[in-house]
Amino acid sequence: MEKQLMRSLTRTTRRHAVIAVSAACLLVPLAACTPDDGPRPVASATSTGGAAPYAPNNDGKRDGKRDGKNDGKRDGRLDERLGERLDRVTIPELQEDMKGKRLTSRELTQAYLDRIHRLNPRLNAVVTVNPDALDLARKSDELRRTGEVRGPLEGIPVLIKDNIDTADRQPTTAGSTALSHSKPAQDAFLVKKLRDAGAVILGKANMSEWANFRSVEQTAGWSATGGQTRNPYVLDRSPCGSSSGSAVAAAAALAAVTIGSETDGSIVCPASVTSTVGVKPTLGMVSRSGMIPITSRHDTAGPIARNTTDAALALWAIHGSDTADTATSDADTALPSDYREVLDPNALRGKRIGVWRKGHIGIDPDVDRAFDVAVQRLRALGATVVEGADVADSKDMMQKDMLPAVLTEFKHDLNAYLAATPGPHPKNLTELIAFNKRNSTVEMPKFGQELFEMADKTDGDINAPVYRRHRSAATRQARQAIDGVLAEHRLDAIVTPTGVPAPAVEALDPTPFESSTRSSAVAGYPHITVPAGYARDTLPLGVSFLGTRYSDANLLSYAYAFERATPVRKAPTYLPTLPGRS
């Protein structure tokens, strides 16, 4: 759903916004203009002595004992010594290495920092690195030596999207310089869960500014603080968005696992075009406390990883009930007690899996080929494949009900976040719009803020009867679209292509591929994408598993079984452009 398609549909601002809401964490990558040549540093990183931007040259020197040069001499450059294993290794295998004293968290953290330093100038996936990361890793090693292991992520470096609060020396900006000096008073609830599980917060991942909800002309993966995120398979191809940096960092093994967030497609689309596993959980599985919002009726955080095992482990670590987020009241019991229960290679045997082809097949031959192979594999794994399980198109629902609901929710939720977050920054949407106008050369060199302006014209009242009718109608239609198909065909899940191959970042050609994410997003239902193949043997393709509320564990088990039987993922190639393209 690109710029040319938006223009061809209609010239009115309201019609533009309908398209943008569906891409508010995009399904099909947007590309409004040619990307930047390189990243821009986070303002507070250099002005306040806080987090270092992008790729630090002195990771070890911040530690005060070991510098990068000494580490390299002793370890032969840790990322090179570990080599391709960082791309293939799972978190449980890393834990076994640390338990067996073959690896320390500090060495592992240094290896990822080395990779960030080496690869991030090409990728712009990491917007800041945590200046305390090596100290956190050393603390983990000390705890392990005393026999204390806090959880399954003990000593594991994790990158989180730059719209998730951390009460440390890193800013949380949503890609905007307006929040460069914000000072969150506490960690987001999911960050607390990560720390409780032993994770080392390695840094923040770049993202589409304001999660792709500032303008319909927005470029996926671009932010004023981080520049243009690059797809690691072909650098001039879109990384999709808005969790662009999280997906690219996971694909390039810049961390063991990353955390993204999704409003509509913002985890699964970047994951599908970077050959990673993306998990968009049921709404309320993971707390949104401390996450910069678009709308509390769609937003959720979720893991992106190179394999289903790590994605499942990370989801188990961050899920749970939070008194500050009432949607999570059932989260503690929504998953089995042990993530390993879903790692069943026979999980698809005897399951009824519906096939959703309408609007997705006959558009791209590589997508068709990869999906046909995936369906055949499901049959071989013992699933009963049911054709005709097409989820109804949701364009009418978007125009009539979803757009007015989301605009109202955005103003309400963002104003609440800004007002509650300490630090010198705009305190509401009106002030944020004014900030962008005053700083237009930095914030608006490529696109405007028409979605901000539309949202600011609403009353932001989520108790108003008109708003409640819109929200109720949109949610009801989206849930019926999925639950109706599941019930009619007596299905355990629905499978469909996630999307088309990543277009060039600056591409303007539209695609008729219909959204595979919208109904799940509006319904608050889970959606998981897994690598399924490659277009032209180069551009990643994903296959999606969809289900009803709190079917997350089942979907993960199906994804795991499919992944085990279909090990198509390969490491990024970092090609400057597709072979044969000048």
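Residues numbered from 1 in each chain as written. Predicted model: local features only at pLDDT ≥ 70, side-chain atom pairs only at ≥ 80, totals over all residues. Heavy atoms only, no water.

Novice: Sorry if this is basic, but what is going on with the state of the cysteines here?
Specialist: By definition, a disulfide is the covalent link that joins the sulfur atoms of two cysteine residues. Under the definition given, this model contains 1 disulfide. Here Cys240 connects covalently by a disulfide to Cys269, the sulfurs 1.9 Å from one another. In this structure, the disulfide formed by Cys240 and Cys269 twists by about 100° around the S-S bond and is classed as right-handed. Of this pair, Cys240 sits in the loop between strand E6 (227-228) and helix H12 (244-251) while Cys269 sits in helix H13 (residues 268-272), placing them 29 residues apart in sequence. For Cys269, a relative accessible area of 3% translates into the label buried. (Disulfide = S-S within 2.5 Å. Helix = DSSP H or I, 4+ residues; strand = E, 2+ residues; numbered from the N terminus. Buried < 20%, exposed > 50% of the residue type's maximum accessible area, 1.4 Å probe, protein only.)

Novice: I'm lost on the pattern of salt bridges in this one. Help?
Specialist: Working definition: two side chains of opposite charge can pair if their charged atoms are close together. What the rule picks out here adds up to 18 salt bridges. A salt bridge links Arg85 to Asp97, with the shortest nitrogen-to-oxygen separation between them at 2.7 Å. In this pair, Arg85 is assigned in helix H7 (residues 85-88) and Asp97 in helix H8 (residues 91-99), connecting sequence segments 12 residues apart. Judged by relative accessible area, which is 30%, Arg85 ranks as partly exposed. The closest approach of N and O atoms between Arg340 and Asp338, which form a salt bridge, is 2.7 Å. With a relative accessible area of 55%, Arg340 lands in the exposed category. Asp338 sits in the partly exposed class, given a relative accessible area of 23%. Each of Arg85, Asp97 and Arg102 takes part in a single network of salt bridges with overlapping partners. (Salt bridge = Lys/Arg side-chain N within 4 Å of Asp/Glu carboxyl O.)

Novice: Looking at this model, I keep getting lost on helix H9 (residues 105-123). Mind explaining?
Specialist: In an α-helix, one full turn covers 3.6 residues, which means residues spaced three or four apart are oriented alike. In the structure, H9 departs most strongly from a straight axis at His117, where the bend amounts to approximately 35° and where the proline Pro121 lies between one and four residues downstream. In terms of residue burial, H9 counts as a mostly covered element, since 15 of its 19 residues are buried. Positive phi shows up at Asn124, right after H9, with a value of about 55°. (Bend = angle between axes of the 7 residues up to and from the residue.)

Novice: Whenever I open this one, the environment of Pro281 confuses me. Can you help?
Specialist: Note on placement: Pro281 falls in the loop between strand E8 (277-280) and strand E9 (300-305). Using a relative accessible area of 0% as the deciding quantity, one classes Pro281 as buried. On a C-alpha basis, the gap between Pro281 and Asp552 in space is 6.4 Å, while along the polypeptide they are 271 residues apart. For Pro281, the residues in contact, after removing those within four places along its chain, are Val286, Thr300, Ala301, Gly302, Leu315, Tyr525, Pro526 and Asp552. (Contact = heavy atoms within 4.5 Å.)

Novice: Any chance you could explain a positive patch on the surface here in plain terms?
Specialist: A cluster of basic residues, Arg297, Arg468, Arg479 and Arg549, forms a positive patch at the surface. Tracing the sequence through the fold places Arg297 in the loop between E8 and E9. (Patch = residues over 30% accessible without salt bridge, like charges linked within 9 Å, V, L, I, M, F, W, Y side chains within 5 Å. Areas by Shrake-Rupley, 256 points an atom, 1.4 Å probe, with all protein chains shown as cover. Lys, Arg positive; Asp, Glu negative; His and termini not counted. Charge placed at Lys NZ, Arg CZ, Asp CG, Glu CD.)

Novice: Would you explain the pairing of E9 in this entry?
Specialist: For a regular strand, the rule is simple: side chains alternate between the two faces of the sheet. Counting buried positions along E9 gives 6 out of 6 residues, so the element sits mostly inside the fold. Here E9 shows no split at all, with Thr300, Gly302 and Ile304 on one side and Ala301, Pro303 and Ala305 on the other all buried. The pairing of strand E7 (residues 257-262) with E9 spans 5 bridges and is antiparallel. Each bridged residue has a counterpart across the sheet, and for Thr258 the counterpart in E9 is Ile304. By the bridge criterion, 2 bridges tie E8 to E9 in an arrangement that is antiparallel. By the bridge assignment for E9, Val277 is matched with Ala305. (Pairing = 2+ DSSP bridges.)

Novice: Help me out: how do you make sense of the nonpolar core in this one?
Specialist: The tendency in soluble globular proteins is for nonpolar side chains to be buried side by side. Judged by nonpolar contacts, the single largest core of 93 residues is most densely connected at Leu194, Leu254 and Phe545. Residues within four places of Leu194 in sequence aside, it is in contact with Leu153, Val158, Ile160, Ala199, Ile201, Ile259 and Ile318. (Core = buried A, V, L, I, M, F, W, Y, C linked by side-chain atoms within 4.5 Å.)

Novice: Quick question: what am I supposed to make of the packing of aromatic side chains here?
Specialist: The description of an aromatic ring pair rests on the distance of the ring centres and on the angle between the ring planes. Taken as a whole and assessed by the stated rule, the structure comprises 6 aromatic pairs. For the pair Tyr233 and Tyr534, a centre-to-centre distance of 6.1 Å together with 45° between the ring planes defines the contact as tilted. Of this pair, Tyr233 sits in the loop between E6 and H12 while Tyr534 is found in strand E13 (residues 527-535), placing the two residues 301 residues apart along the sequence. By relative accessible area, which is 0% here, Tyr233 ends up buried. On the basis of relative accessible area, Tyr534 is assigned to the buried category, the value being 7%. An aromatic cluster is defined as three or more aromatic residues linked by ring pairs; in this entry it consists of Trp210, Phe213, Phe410 and Phe452. The aromatic ring of Tyr574 is capped on one face by Arg122, whose charged end is 5.1 Å from the ring centroid. (Phe/Tyr/Trp six-rings, centres within 6.5 Å; stacked < 30°, edge-to-face > 60°. Lys NZ or Arg CZ within 6 Å of the ring centre and 35° of its normal.)

Novice: Looking at this structure, how should I read helix H20 (residues 465-488)?
Specialist: Its 24 residues place the ends of H20 33 Å apart at the C-alpha level, agreeing with the 34 Å of an ideal helix rising 1.5 Å per residue. Taken as a whole, H20 has its buried residues at Tyr467, His470, Arg471, Ala473, Ala474, Thr475, Ala478, Ala481, Ile482, Val485 and Leu486. Lining the buried residues of H20 we find helix H16 (395-420), strand E12 (493-497) and helix H21 (518-523). Arg490 lies just past H20 and shows a positive phi near 55°. (Expected span 1.5 Å × (residues − 1).)

Novice: Teacher, can you tell me more about the side chain of Ser223 here?
Specialist: In this structure, Ser223 sits in strand E5 (residues 222-223). Side chain to side chain, Ser223 and Asn206 meet in a polar contact 2.7 Å long. Other than its neighbours up to four places away in sequence, Ser223 contacts Gly175, Asn206, Met207 and Glu209. (Polar contact = N/O pair within 3.5 Å; in protein donor to acceptor, adjacent residues only side chain to side chain.)

Novice: I'm lost on the environment of Gly388 in this one. Help?
Specialist: One can find Gly388 in the loop between strand E11 (384-386) and H16. By relative accessible area, Gly388 is classed as partly exposed at 44%. Once the C-alpha coordinates of Gly388 and Gly354 are considered, the two residues, 34 residues apart in sequence, prove to be 7.2 Å apart. If we ignore the near neighbours within four places in the chain, the residues touching Gly388 are Val355 and His489.

Novice: Got a minute to help me understand unusual backbone geometry in this structure?
Specialist: What is expected of a backbone is that most residues other than glycine have negative phi and most peptide bonds are trans. Across the junction of Gly241 and Ser242, the peptide omega takes the value 10°, indicating a cis bond. Inspection of the secondary structure assignment puts Ser242 in the loop between E6 and H12. Of note in the backbone geometry, Cys240 takes a positive phi value of approximately 60° without being a glycine. A residue is classified by how much of its surface remains accessible, and Cys240, at 0% relative accessible area, is buried.

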